[in-house]
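# Geometric and topological summary
Read off the chains here:
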Amino acid sequence: MRADERVSWAFMAVAGLHVAGLFLDRRLLPYAATVAILMLMALGLLRSPESGRHRWSRRLALAGLASVAMVTGLVNARTGGFGWPAWSTAGRGGRALVEATLLAGAGSALGAAVLCRVRRLLRLWHLPAVLASACYPCWPCR
Amino acid sequence: MNVLPTAGHNDRPGPDRVLSCGSPRGTAELRVDAVRVVESARQVSLGPSGLPPGWVPPRLDASPGVPSADADAAGAGIAVVPGPPDWSASMWYAPIDWSRSGPAVMAAMLLLGLAALTTALFPRPIETGQAWTSIQA
């Protein structure tokens, strides 16, 4: 079995454990969400060729995944290892600002990584996604 | 032990309020007839604590065979009767409460989305010779 396949299986196991723990309301594995996202990052690193096309897209995606992993780690550290994603927006003061900044950076980096792969940026069927992403910042204000 | 008032008893004769006390081992229902409680309270002289002197509250036992309340409490309109088993206290027998599964669904969607994004942006590299093998097949 190749290294990236091993990481994929490990990601599925850890992510499944995290979701099952949340569903059953049991504390199964602390920092499981952070580990799962770090495994996705490892998968991206293992599958990144050193050269070739879309180099910047891959770099942006890795930066976005690293930011998401940091946000998840901060939320879990604040809540004893089991807080993500339910307590993601419950931070106070400077920590909340850091978490929000990292999350916004992660969203921007992942969005830019996807847009780098698009051959033509403006298409009619991109409109729903554009509207949804424009409305998403207003979600916590409800 | 949770105590939940059971609704829907005001529109029919009989006990005015039913309080259900449950655990995985069983439940006990405390049936309170408000009219009889008020009538009996008028007839007795209350002590300094606001209760009749010597009155002992009925014991709520969670075992299936719950004894009925003592005669004084039953006469005052309060009775303890065995209730149906309360499965909500046991996670293996309880029906799934979908309203509490929100964080799990949210985590599953976020992790699946990130996994889909990662596998789309980092496709599996084609090994040397694989393309030639697939053409031959």
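Residues numbered from 1 in each chain as written. Chains lettered and ligands numbered in written order. Predicted model: local features only at pLDDT ≥ 70, side-chain atom pairs only at ≥ 80, totals over all residues.

## Examining the overall build of chain B
Helix and strand counts for chain B stand at four helices and four strands. Going through the 137 residues of chain B one by one, you find that 18% of them count as buried. In chain B, of all internal contacts separated by at least 6 residues, the share reaching a separation of at least 24 is 45%. (Helix = DSSP H or I, 4+ residues; strand = E, 2+ residues; numbered from the N terminus. Buried ≥ 20, exposed ≤ 12 C-beta atoms within 10 Å, placed from the backbone. Contact = placed C-beta atoms within 7 Å.)

## Re the overall build of chain A
When its secondary structure is counted, chain A shows five helices and zero strands. In sequence order, chain A lays out its α and β elements as α-α-α-α-α. Taking all 142 residues of chain A together, the buried fraction comes to 31%. In chain A, the share of contacts with a sequence separation of at least 24, taken over all contacts with a separation of at least 6, comes to 65%.

## Digging into helix α1 (residues 3-24) of chain A
The end-to-end C-alpha distance of α1(A) is 31 Å, a good match for the 32 Å that 22 residues give at a rise of 1.5 Å each. Those residues of α1(A) that sit buried are A:V7, A:S8, A:F11, A:V14, A:A15, A:H18, A:V19, A:G21 and A:L22. The buried side chains of α1(A) occupy one side of the element, clustering within an arc of 165° when seen end-on. The exposed set on the far side of α1(A), more than 90 degrees from its buried face, consists of A:E5, A:W9 and A:L24. Structurally, α1(A) contributes buried residues whose contacts are with α2 (32-46) of chain A together with α3 (102-121) of chain B. (Expected span 1.5 Å × (residues − 1). Arc of directions from axis to C-beta.)

## Section: the nonpolar core
Core analysis: the largest hydrophobic core is formed by 35 residues, its most contacted members being A:F11, A:A36, A:I37, A:M39, A:L40 and A:L65. Looking at this core, the elements that each hand over two or more residues are α1, α2, α3 (55-78) and α4 (93-117) of chain A together with α3 of chain B. Ranked by residue count, the leading element in this core is α2(A), at 10 residues. With near-sequence residues (within four places) excluded, A:F11 lies in contact with A:A36, A:M39, A:L40, A:L43 and B:A115. (Core = buried A, V, L, I, M, F, W, Y, C linked by C-beta atoms within 7 Å.)

## What to know about the interface of chain A and chain B
Counting residues at the interface gives 25 residues for chain A and 17 residues for chain B. Mapped onto the side of chain A that touches chain B, the elements with two or more residues apiece are α1, α2, α3 and α4 of chain A. Ranked by residues supplied to the side of chain A that touches chain B, first place goes to α1(A) with seven residues. Among the residues making up the side of chain A that touches chain B, the classes are represented as 19 nonpolar, four polar and two charged. (Nonpolar A, V, L, I, M, F, W, Y, C, P; charged D, E, K, R; others polar.)

## Points about the environment of A:G21
All names here are of chain A. Among the structural elements, G21 can be located in helix α1. In the structure, G21 is positioned 11 residues away from A32 in sequence and 9.7 Å away in space, judged by C-alpha atoms. Every residue in contact with G21, bar those within four places of it in the chain, is listed here: R26, R27, L28 and L29.

## Structural notes on the packing of α2(A) against α3(A)
When two helices pack together, their arrangement is captured by the angle between the axes and the distance separating the axes. Residues and elements named next belong to chain A. Direction vectors running N to C along α2 and α3 enclose 165°, while the axes themselves pass 8 Å from each other. Considered as vectors, α2 and α3 are oriented roughly antiparallel to each other. As α2 packs across α3, the resulting crossing turns out to be left-handed. In this structure, α2 uses A33, T34, I37, L38, L40, M41, G44 and L45 to contact α3, whose residues at the interface are A61, L62, L65, A66, V68, A69, T72, G73 and N76. The class makeup of the residues in the contact of α2 with α3 is 12 nonpolar, five polar and no charged. (Axes fitted to C-alpha atoms, helices over the stretch in contact; angles between N-to-C directions. Parallel < 35°, antiparallel > 145°, perpendicular 65-115°, else oblique. Left-handed = near helix turned anticlockwise from the far one by under 90°.)

## Observations concerning the confidence of the model for chain B
Residue and element names in this part refer to chain B. Here chain B shows a mean pLDDT of 63. Residues at 70 or above account for 25%. The weakest mean pLDDT in chain B belongs to strand β1 (residues 2-6) at 44; the strongest belongs to α3 at 91. Considering only residues more than four positions removed or in separate chains, one finds that residues 1-15, a stretch of pLDDT under 50, has 20 contacts. In this model residues 61-69 is a low-confidence stretch, pLDDT under 50, and it forms 27 contacts with partners more than four residues away in sequence or in other chains. Quick note on the complex model: pTM equals 0.59, ipTM equals 0.86. (pLDDT = per-residue confidence, 0-100.)

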